[in-house]
Amino acid sequence: MITSNDKFGIVCHDAGGANIINAWLNKKNIFNHNIFLQGPALKIFKDKFKSFNLIDNFDLLYKDISKIIVGTSFESDLEYKAIKYAKEKNIYSIAVLDHWVNYQERFIRNKLRILPDELWVTDIHAFNLAKKEFPNQKINIRENRYYIEQSATIKKIKEEKKYFYVLYLLEELSDNWGRELDGEFQALNFFLENIKFLKLPNNSKIILKPHPSESLNKYSEWIKKQSNEIDIILDNDNSLENMIGKASLVLGCKTFALTISIEAGKKTISTLPPWAPDCPLPHEELIHLKEIIK
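First, a word on what this report is: a plain description of the structure on this page. (Residues numbered from 1 in each chain as written. Predicted model: local features only at pLDDT ≥ 70, side-chain atom pairs only at ≥ 80, totals over all residues. Heavy atoms only, no water.)

**So, the pairing of strand E13 (residues 249-252)**
Consideration 1: Judged by which residues are buried, E13 turns out to be covered on both faces: Leu249 and Leu251 on one side and Val250 and Gly252 on the other are all buried.
Consideration 2: Where strand E10 (residues 164-169) and E13 come together, 4 bridges link them in parallel fashion. Pairing of leucine 169 across the sheet is with glycine 252, part of E13.
Consideration 3: Looking at chain direction, E13 and strand E14 (residues 267-270) are connected through 4 bridges and run parallel. (Buried < 20%, exposed > 50% of the residue type's maximum accessible area, 1.4 Å probe, protein only. Helix = DSSP H or I, 4+ residues; strand = E, 2+ residues; numbered from the N terminus. Pairing = 2+ DSSP bridges.)

**Re the sheet that holds strand E2 (residues 34-37)**
Consideration 1: One open sheet holds the 7 strands; their spatial order is E3-E2-E1-E4-E5-E8-E9, and the pairing between them is parallel. Both edges of this open sheet fall to strand E3 (54-55) and strand E9 (139-141), since each of them pairs with a single strand only.
Consideration 2: Pairing analysis gives 4 bridges linking strand E1 (residues 8-12) to E2, with the strands arranged parallel. Among the inter-strand pairings, cysteine 12 is bridged to a residue of E2, identified as leucine 37.
Consideration 3: Along the sheet, helix H4 (residues 78-89) makes contact with E1, E2, strand E4 (67-70) and strand E5 (92-96), crossing E4 at roughly 160°.
Consideration 4: Against the sheet, helix H5 (residues 124-133) touches strand E8 (118-121) and E9, its axis set at about 175° to E9. (Contact = heavy atoms within 4.5 Å. Axes fitted to C-alpha atoms, helices over the stretch in contact; angles between N-to-C directions.)

**Brief notes about the packing of aromatic side chains**
Two aromatic rings are characterised by how far apart their centres lie and by the angle between their planes.
Consideration 1: Summed over all chains, the structure comprises 15 aromatic pairs.
Consideration 2: Relative to phenylalanine 134, the ring of phenylalanine 107 lies with its centre 5.8 Å away and its plane at 85°, an arrangement referred to as edge-to-face. In this pair, phenylalanine 107 sits in the loop between E5 and strand E6 (108-109) while phenylalanine 134 sits in the loop between H5 and E9, placing the two residues 27 residues apart along the sequence.
Consideration 3: By relative accessible area, which is 1% here, phenylalanine 107 ends up buried. (Phe/Tyr/Trp six-rings, centres within 6.5 Å; stacked < 30°, edge-to-face > 60°.)

**As for the packing of helix H1 (residues 15-23) against helix H2 (residues 40-48)**
Consideration 1: In the contact formed by H1 and H2, the axes pass within 8 Å of each other and the chain directions differ by 25°. Relative to H2, the element H1 is oriented roughly parallel. Handedness of the H1/H2 crossing: right-handed. Contact with H1, carried on its side by Ala15, Ala18, Asn19, Ile21, Asn22 and Ala23, involves Pro40, Ala41, Ile44, Phe45 and Lys48 of H2 and no other residues of that element.
Consideration 2: Split into classes, the residues belonging to the contact of H1 with H2 amount to 8 nonpolar, 2 polar and 1 charged. (Parallel < 35°, antiparallel > 145°, perpendicular 65-115°, else oblique. Left-handed = near helix turned anticlockwise from the far one by under 90°. Nonpolar A, V, L, I, M, F, W, Y, C, P; charged D, E, K, R; others polar.)

Geometric values such as these leave the question of function open.
Next up, the structure:
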């Protein structure tokens, strides 16, 4: 995807774009690129590569490169600033859309929209959405090697036999849908209030995996408040692919990781409650808890 003859600047903050871009790189060509990372993206790259050209300012980033590839965020400004700086330097810019939501918000700060020269998406659903949002933009579909590699690894992992593992993939939703609790806690409560409809076996264990952008202490109080009859633990030590591989059932709201679970053949459920907007994940195999309880 990114050949040894290319010399790119690479800029990432959020996990979604970082995982996709990271999978396009390999140890043979990693030192060809200038890489500027913040937030969850930094750990993702360090987990794969022992060393690389880590840059901490835009002046060094744009030295001797022909293009930049950036992830996209709607909270961090890093990639937005990288696109803006690239335009000032007359450097060709490519932005990777890693999900199916908030496309416009990724390129707007202080009411000013700055688009890259090209958008890369990883499936036809995202391509159609992006074309609708940006009708005059150059958009291309690129293979999602992260998706393929993760799914292949998961399929080789055997499910846990001693317990029926229920993996809940957490994420920050940044919306409370007009209610007091943040959306992610509303979804957790909706899940537990309706857990009987899932008909889980008695040896079930519920494992919560935080999103890379979340604090490890975020869910501590919520877990303490739950009934002792329900075995709930938080696990941030094991890898995503290992946890999905051992799980018999995978749940979450709308995180990209749910699509990896689907690709790996796991029963996968969205826990978004009925009062929340519909789940934007376009996969037909995804089951919706709100439909089960009807």
